[in-house]
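Fold and contact review
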Amino acid sequence: MIKSNILDIQKTIEKCAKTFNRNPIDINLIAVSKRQSPEAIQSALDAGHRLYGENKVQEAITHWTNHRANLPDLKLHLIGPLQTNKAGDAVRLFDVIETIDRPKLIKAIAKEAIKQNKPIECYIQVNTGEEPQKSGILPNGLPALIECAKDEGLNITGLMCIPPTDEPAAIHFAFMEKIAKNYNLLNLSMGMSSDFKKAIPLGATHIRIGTAIFSTRN
Ligand SMILES: *Cc1c(COP(=O)(O)O)cnc(C)c1O
């Protein structure tokens, strides 16, 4: 049951936060609704959940355009790679774009934000495992990318990562916590169904949960 899954995870977040001396309010549960049916999404909405993540712009438009018009408190995060030719659609639909990883994308989003008169919050995705197939900026490219965002007037408020599957996630989360502090970035999007309990003691402010809420994906 989607509703009880959401409640269970929220309870786990609360318990885990207390154990590590954190305020549970600072840990936001992003329900990852990619490849879910309209019915599954409706169940999560009926349970009162309002924060969702999607990894593809086109699919997100299909999932959320109608809900967007009816739910003023809905919040949507883009958590998948973004092509510059979709920057306009992404700025229009999302509240936060978590996957900034190159100057060209920063420029495209900044331009759209001005054109649409829609200030948009962005996080930088960091490829902490330095995996060639994964998107995200390599850690040593982060200072220049932050500088570029500043020059373009893009509002970077956090960092996001997806750790390698074959390494302990906690090492990557700890690294993220450190660099977020260094750059004074308040938001840290890290932790998924399998590892969010490890992300909470290391400062996660947003955990992205798909399967633990919706069970399977199509
Ligand atoms: C799909 C996805 C998730 C959710 O993963 P689960 O293992 O289903 O919780 C989280 N983050 C990103 C970037 C994803 O693409």
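First, a word on what this report is: a plain description of the structure on this page.

Procedures and definitions
- Residues numbered from 1 in each chain as written.
- Predicted model: local features only at pLDDT ≥ 70, side-chain atom pairs only at ≥ 80, totals over all residues.
- Heavy atoms only, no water.
- Helix = DSSP H or I, 4+ residues; strand = E, 2+ residues; numbered from the N terminus.
- Rg over C-alpha atoms; globule rule 2.2 N^0.38 Å.
- Buried < 20%, exposed > 50% of the residue type's maximum accessible area, 1.4 Å probe, protein only.
- Areas by Shrake-Rupley, 256 points an atom, 1.4 Å probe, with all protein chains shown as cover.
- Lys, Arg positive; Asp, Glu negative; His and termini not counted.
- Charge placed at Lys NZ, Arg CZ, Asp CG, Glu CD.
- Near = heavy atom within 4 Å.
- Polar contact = N/O pair within 3.5 Å; in protein donor to acceptor, adjacent residues only side chain to side chain.
- Nonpolar A, V, L, I, M, F, W, Y, C, P; charged D, E, K, R; others polar.
- Core = buried A, V, L, I, M, F, W, Y, C linked by side-chain atoms within 4.5 Å.
- Contact = heavy atoms within 4.5 Å.
- Pairing = 2+ DSSP bridges.

The next point concerns the overall build of the chain. Helices and strands together make up the secondary structure of the chain, namely 9 helices and 8 strands. A compact globule built from 218 residues should have a C-alpha radius of gyration of about 17 Å, and the chain, at 17 Å, falls within 12% of that. Principal-axis analysis of the C-alpha atoms places the extent of the chain at approximately 45 × 40 × 30 Å. Taken over 218 residues, the chain has a buried fraction of 51%. Carbon and sulfur atoms provide 52% of the accessible area of the chain, an area that totals close to 10800 Å². Side-chain charges of the chain comprise 27 positive and 23 negative groups, with the mean position of each set lying 1 Å from the other.

Here we come to the site of the ligand. Neighbouring residues of the ligand: Val32, Lys34, Ile79, Met160, Ile162, Met192, Ser193, Arg208, Ile209, Gly210, Thr211 and Arg217. Within the side chain of arginine 208, a nitrogen or oxygen atom sits 2.8 Å from a nitrogen atom of the ligand. Separating an oxygen atom of the ligand from a backbone N or O atom of glycine 210 is a distance of 2.8 Å. In the complex, the protein chains occlude 89% of the 390 Å² of accessible area that the ligand would expose alone. Across the shell around the ligand, the residue classes tally to 6 nonpolar, 3 polar and 3 charged.

In summary, soluble globular proteins display a tendency toward joint burial of nonpolar side chains. If you look at the biggest cluster of nonpolar residues, it comprises 66 residues, and the most contacted ones within it are Ile97, Ile109, Ile124 and Leu159. When neighbours within four sequence positions are excluded, isoleucine 109 is seen to be in contact with Leu82, Ala87, Val91, Ile97, Ile100, Ile120, Cys122 and Leu154.

Next up on the list: the pairing of strand 8 (residues 206-209). Residue alternation in strand 8 divides its side chains into two sets, His206 and Arg208 and Ile207 and Ile209, and both sets are buried. Direction of pairing for strand 1 (residues 28-32) relative to strand 8: parallel, over a ladder of 4 bridges. Across the sheet, residue alanine 31 finds its bridge partner in strand 8, namely isoleucine 209.

What follows covers unusual backbone geometry. If you check the backbone angles, asparagine 21 has positive phi at about 60 degrees while not being a glycine. Counting through the fold element by element, asparagine 21 comes out in the loop between helix 1 (2-19) and strand 1. You can call asparagine 21 exposed: its relative accessible area is 75%. With a phi angle near 55 degrees, arginine 35 is a residue other than glycine that sits in the positive phi range. Along the polypeptide, arginine 35 turns up in the loop between strand 1 and helix 2 (38-46).

Without other data, these values stay purely geometric and don't point to any function.
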